[in-house]
Every structure is written in structure tokens, then in C-alpha cells.
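Geometric and topological summary
Given next are the chains, with one letter for each unit.
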Number of protein chains: 2
Amino acid sequence: MSESELLIVYRVQASSDEVEARADALLLEQTVELSRRALHDPGLRGLTVGRVVAIEAMGEDDFRVSLAQPRSATADDPAQLLNVLFGNSSLQPDVVLESVTVTDAQALILGGPRMGLAGLRRLAGAENRAMTMTALKPMGLSAARLAALCHAFALEGLDFVKDDHGLADHPFCPFVDRVRACLEATLRAAQSTGRRTRYVPNLIGSPETVLRQARIARELGVEAVMISPMVVGLPVLNELVRRHLDVPVIAHPALGGALRIQPRALLGQLFPLYGADAVIYPNVGGRFSYSRDECDAIARALRRPNVPIAPALPTPAGGIKADKVGEVLGFYGAETMLLIGGSLLESPDETTLRRRSRQFVEDVHRFPYGN
Amino acid sequence: MSESELLIVYRVQASSDEVEARADALLLEQTVELSRRALHDPGLRGLTVGRVVAIEAMGEDDFRVSLAQPRSATADDPAQLLNVLFGNSSLQPDVVLESVTVTDAQALILGGPRMGLAGLRRLAGAENRAMTMTALKPMGLSAARLAALCHAFALEGLDFVKDDHGLADHPFCPFVDRVRACLEATLRAAQSTGRRTRYVPNLIGSPETVLRQARIARELGVEAVMISPMVVGLPVLNELVRRHLDVPVIAHPALGGALRIQPRALLGQLFPLYGADAVIYPNVGGRFSYSRDECDAIARALRRPNVPIAPALPTPAGGIKADKVGEVLGFYGAETMLLIGGSLLESPDETTLRRRSRQFVEDVHRFPYGN
């Protein structure tokens, strides 16, 4: 692509008679938002009026439409970029956003993952294997109870133990108490195992709250955090990682179920572009709906970005059973972090939880790198 | 509803054999995110585990499921509330969020519209009639060119002239220059007409950018602003109106096309709950997809909130023709602001643009209040 144009790909439902006009209307809707007869100024071409690059028939009344939009229309702003990609058109039922390729210069400005796949592998000391993560839940437990769980997981050698994405600053489990107690639990476990598990708190709230939580987490010694970009706002994620945070961010897909944006585009391309280092997404066959092909597409998009940003770490989750580790890694390969929560937490007692955790860790560590 | 529970209504696709289990899984997914067998602590009931209130058959394999979720699960946080409403479940294809009723106490905390329908009518001096709005576009024009358009519209007595939602801080039209020039245009027009049009700039960017734009806009004398809550993040809107802004906010639906949240719930309930005073939405029959019933439901939800917040102003838009004003107001009644952009801006010359603007204003002013 040219350095002055973004390439944006949509799937459009239209008849073959109508698709050219539909593609042109789609092009205009994202920027000038007026019909061609209202565009009196020829200077708009290339400034805010892009071009239809290709229209490809994919099936009956189903077309892939590729648009080139001028970078200048985005003002290089993380929020305005979303308008150019899928602002008004998200409201039209015949269009799905399929793929986004920003210009190299925009990728540099947005920045993408700061640590990414490589940084998380270094942090976990997992240079030659896949990684393990689990979650602290259910919401409703006290900080002390969650810290006890965190301690059990850390004793068994999980790489990362994250908050559930619904853990906020609840009175029954205040953020500061939780972070302090869980960090302490990982340090205590490290004294007996000689191996460090990273506790990953969930940052959630309006921007001032997220910033305050980020500051507290760093002061206490947290080395990675989790954020749900669609809940707090994608531009908030970007501002946070560009200006305020020096540890990796693991992104959670909550509220991201806009079926009109393909998971590959939202989770595989936009989340890392805005700065996520690892992206959690629902694995095929769990209690969510993503197909095998979609999961594969997300993982590939994360590891091989289509713009010059660092690779991010695919983190499949959502109902993976602890005894299916080999199968899941056989599908994804070792450049992966597995997030298993329920299958460990549903253990009837702590002995079972620890045994299952240990098995999870061993199975992942045993998986040969390069597969 | 009880003061300790939110009522959340979903549409669920399930067989009648399965719907009870599906409703229970939906209940747990939004808060504790574990199956019942992993909930060892009875203290969670009422703290973070809610209850299924009703399951109502709506059609074949189509159920309305009403859940009561504990207010305590939301931590009274604007971001965490979104998780409880539709965090993980947004990723499941068999569920649509239909309606949200937070507790009265939560409504007070989130605050809803500060000026709302009544405040905007006062600001426009439109105590007994519907209101008029138009948009400055296309993106790509300079600040001076947009200000000239703003001047023409103001001369013809539009109540509000808003930026297009894609106008950011573009180098070809910097925010400060645009706001200054457009405000000046409305003041100059007021000197000859004796009537004041309000220019409404678009605030867009990551949180620091939005805050800076809000501050500049207020310093220059702006009396209302526009924001796209799904682009900047709903919690950002809430923080802005609760802490930093003393003028009304008009909300734009860009990026809001998550078909899995019904428009009535997202635009009619959540946007005002988070603080929007007026909500722009695609009118039936335009270039978007909303049905007559959906538009009616949005307008009703805005005017008659289901929680104790101020009514907000329905602002239908998106392809309304200037010669259809009577028809549209016949449908909505006068407690409405009509937003017409393209149909005015597609005028071949300024004389036509002014004539059409004047006609738009006269048609709205003539529409009898009480209809």
C-alpha cells in the first residue's frame, strides 16, 4: 500500500448490479459522509475521499470490497481512525468489517505492542515453550481468598495468574487490597519454588480510575496488567500504553461481540495495533462461538501483524479443559499462552486444584517448541 | 425492582428444553463466570450471584429472559457495569441485550443527562416546538469554509449546527481554528437576525485529547458539544460529564452498530444513562437499517427513562429529506430535534442551501406542539 492510504476490507451483501454503487457509498460514508453530488470541491480527492480498490465476488450477493482511504482523513487520531474504519457503516446491516491495514506511519504512531509476544516470553522465562495463565474468580470472594487461590496456582508454576475481567474496585474486594495480597502470594510461593508467577490485575473504570489503578499497580510492583479495550474504550488503551504504562498489557475481549466486525479484525488486528501485548479470545469448542478457522485467523493475525508492529501473544481461553492442553497446542503451536480458569477452579478442594494446576503446567512445558 | 438489583432483559435463542439451563448460564457468565459447582461459598448469593426472574416464550426457540443481578457486582463503576450487562455474553451468538434497568441509586451515581430534553429546549428557546439541527461537512473543507456554511445555516435560524462526527483535529481543519471560526459565524449571524444558533463541536480522541478539546471549547464560549460514546468509550463520556463539562452533550451513534445490543437498549437507555442530553440515531427509511418500531422505541426510551434520570432529546437523523419534516414530526411529535445534513448540503449553491434551510426551520417551527 501507499504510505498515504489505509487498506480496509469489508464483506458486503449486495446484488452484482448494485455492488459498485454500494462500494462507492461505503467509501464516502466513512469520511465525507455526503453523496458525490454534494462534493463540490475537487481538493477533497486524496485528502478525505479515497478510492475503491477492488470488488471481488465471494458467493451469491456476497462481495469482498477493498477500499483505500486517505491517511489524512484519520487525523492520525486513535478515535477518529475508528470512524474511518467502521463509524457510521457499523449501523448498516449489509456490511461487515473484515480486515484493516493502516499505513506504516500510523502503525508507528499507534505503536502496537510494546513488549508483545517476545517480551511476554522473556518475562515468563518461556523462551522455548508455550505459556500458562489462569484466572482468579469468582467475583465475590475477598482479597484474602483470591490471594489464597493465587498462592496455590503460583506454587504449581503457572506463568500468569490474572484477575477475572469483572474484578473492579468492589467494596468486598478493594483493588489495592487485592493487588497487594496477590502479589505477596506470588512472592511467598517463589520463596519455596524458586520460580516467579506473575499476578496480572484487571484495570477497569473511567479513564481517571484506570490511570489511578495503573499507578498503584506499578508502585506495588505489578509486572503485567489486563484491560478490556471495548469496555474502557480502545483510545483509552492506546493513551495508557503510549503515555502512562511500562508493563505489558493483556487484552480481554469483553463487550467485543460486535458480530459486524470479524473477530480477526477486532481482536487480531485492532487490539494489538492499539497496544495490547497479549490478546485473550474465546477458543473454538468452548462456551463461545468462534470457529476453528476464526481462531486460527486471530492467532495468525496476532503473530504476523500486517503492519510494522511487534507480534502479540495469542491467548485462547473460555472453557479449555485442563486435560486438552496437548490438543490445543497441537492446533496453535507453542507461540501461545493457554488461559485455563474454570477447569482448575471447579476442583472440589485445594489438593485437586493444585494437582490439576501442576498437570496443566507440566503438559504445556512438555509441548515441544517448533511444533 | 429492589434497590439492590438491576433488571436486565435478553432475547435468547434456545429450545424450550434447554432455556432454563441457558438462562442460568447467562446469569453466571456476567458476574462469577463459573458454573454452580465451582461456587463453593454460599455468601456469593445476592453479592455477585443474581437470579433468573422470568423466562417468557416469544416464538419458536425464542425466549425473553429477565435477570436480576446484584448491584454489588457492578461496584457502581461505569465500566464494570458494562461487564455485568453484556461483557462475556456479547461474544455468544444466541443472546441479544434487550433492556436495562439499573437501580435508582446507580442512576443517581451515573447521573444521566444533566440538561436533557428540557435543558436543550431552554437553550434553543424552543419551549413550544421541535428543534432543528444540521451538520458541517464534508470532512476535508477548511475551517473557514465550514464557518461559511455555519454562517449560512445560522442566518436561516437553525437551532444547532454540529460538526460532522468525523471532524477531528485534522491539519487541514484544526480544532481550535474551526471552533473559533464557527462560533464567530454564529455570533455574526445573530447580529443580523437577533437569534442565536448554537455551534456544536465534535470532541474526539483519547481521553486527554477529549478533555483538552472540552476545555478549549468552553473557553471559547461553546454551549453544547457532540461525542460518539462508542468511539471514545462510554465510561469516558460519563467521566467527562460528571467531572469536567457544564454544557449539554449530544451523542452520536458511530461504531455503535453492535446488532447484538438492541438499539433501544444502547442508544435509548445506555447513552442517556451515561450522560448524553440528546441522542442522534438513524431514522427509519434513511440509509441505515432501523425499523419504524425501533425508532419509536428509541424515542420513547429517551423521553421516558426507566430509571430516575432526566429525559433526553430524541434526535433522528441519517437521510431525512428537508421536504419530509411534517411526516417525521407527525411520527415523533414535537419533543424532538430533527438533524438534517445531506439534504441541505447537497444544494448546488448557497442560495439554494439557504432557501432549503429556511424551509426546514419554518416547517419545524410551524409544527404544533402537543402533537
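Everything that follows concerns the structure shown earlier in this document.
Residues numbered from 1 in each chain as written. Chains lettered and ligands numbered in written order. Predicted model: local features only at pLDDT ≥ 70, side-chain atom pairs only at ≥ 80, totals over all residues. Heavy atoms only, no water.

Focus on the overall build of chain A
Threshold: Counting from the N terminus, the helices are DSSP H or I runs at least four residues long and the strands are E runs at least two residues long. In this description the radius of gyration comes from C-alpha coordinates, and the expected globular size is given by 2.2 Å times residues to the power 0.38. Here's how the labels work: a residue is buried when its accessible area is under 20% of the maximum for its type, exposed when over 50%, partly exposed in between, all with a 1.4 Å probe on protein chains only. In what follows, residue pairs with any heavy atoms lying within 4.5 Å of each other are defined as contacts. Reported accessibility uses the Shrake-Rupley method at a 1.4 Å probe radius. Residues are deemed covered only where the shown protein chains occlude them. Just so you know, the count uses Lys and Arg for positive and Asp and Glu for negative, and it drops His and the chain ends. The atoms used to mark charge sites are NZ of Lys, CZ of Arg, CG of Asp and CD of Glu.
Check the secondary structure of chain A and you find 14 helices and 12 strands. Scaling as 2.2 N^0.38, a compact globule of 371 residues should have a C-alpha radius of gyration of about 21 Å, and chain A matches this with 22 Å. Structurally, chain A occupies a C-alpha span of about 70 × 40 × 35 Å along its principal axes. Here chain A, with 371 residues, has 64% of them falling under the buried criterion. Sequence-distant contacts in chain A: of pairs separated by 6 or more residues, those separated by 24 or more amount to 74%. Of the accessible surface of chain A, which amounts to about 12700 Å², a share of 48% is contributed by carbon and sulfur atoms. Across chain A, the centroid of the 40 positively charged side chains sits 7 Å from that of the 43 negatively charged ones.

Re the interface of chain A and chain B
Put simply, the rule reads: Throughout, buried area stands for the accessible area (probe radius 1.4 Å) lost by two parts on being put together, summed over both. Any Lys or Arg side-chain nitrogen located within 4 Å of an Asp or Glu carboxyl oxygen qualifies as a salt bridge. Each residue receives one of three labels: charged for Asp, Glu, Lys and Arg, nonpolar for Ala, Val, Leu, Ile, Met, Phe, Trp, Tyr, Cys and Pro, and polar for the others, Gly being one of them.
Listed as interface residues are 77 residues of chain A and, on the opposing side, 77 residues of chain B. Per-residue buried area on chain A facing chain B is highest for L91, M139 and L255 of chain A; these three make up 11% of the total on that side. Summed over the shared surface of chain A and chain B, the result is 8 salt bridges. Linking E346 of chain A and R37 of chain B is a salt bridge whose minimum nitrogen-to-oxygen distance equals 2.8 Å. Elements supplying a minimum of two residues to the side of chain A that touches chain B: helix 2 (78–86), helix 7 (207–220), helix 8 (229–232), helix 9 (234–244) and helix 13 (342–345) of chain A. In terms of residue count, the dominant contributor to the side of chain A that touches chain B is helix 2 of chain A (6 residues). Split by residue class, the side of chain A that touches chain B holds 35 nonpolar, 27 polar and 15 charged.

Some thoughts on the relation of the copies chain A and chain B
Put simply, the rule reads: The fit set for superposing copies consists of C-alpha atoms from residues with pLDDT of at least 70 in both; the fit itself is least squares.
Note on the identical chains: chain A maps onto chain B by a rotation of 180 degrees and an axial translation of 0.0 Å, with an RMSD of 0.0 Å. Expressed as a symmetry operation, the mapping of one chain copy onto the other fits a two-fold axis. Distance from the rotation axis, computed per C-alpha, reaches its smallest value in chain A at G233 of chain A: 2.0 Å. Of all interface residues in chain A, 100% are interface residues in chain B too; the two copies therefore contact each other through one and the same surface.

Describing the nonpolar core
Filter applied, for reference: Nonpolar cores were defined as sets of buried Ala, Val, Leu, Ile, Met, Phe, Trp, Tyr and Cys residues, with membership established by side-chain atoms within 4.5 Å.
By size, the foremost hydrophobic cluster in this structure holds 227 residues, and its most contacted members are L273 of chain A together with L273 of chain B. Not counting residues up to four positions away in its chain, the partners in contact with L273 of chain A are L81, V102, A107, L110, G111, G112, N238, V307 and I309 of chain A.

Some thoughts on the pairing of strand 4 (residues 95–101) of chain A
Residue and element names in this part refer to chain A. Here is the rule we go by: One requirement defines pairing of two strands: DSSP has to find at least two bridges between them.
Most of strand 4 sits inside the fold, with 6 of its 7 residues counted as buried. Bridge count between strand 1 (residues 5–13) and strand 4: 6 bridges; the pairing is antiparallel. Pairing of L7 across the sheet is with T101, part of strand 4.

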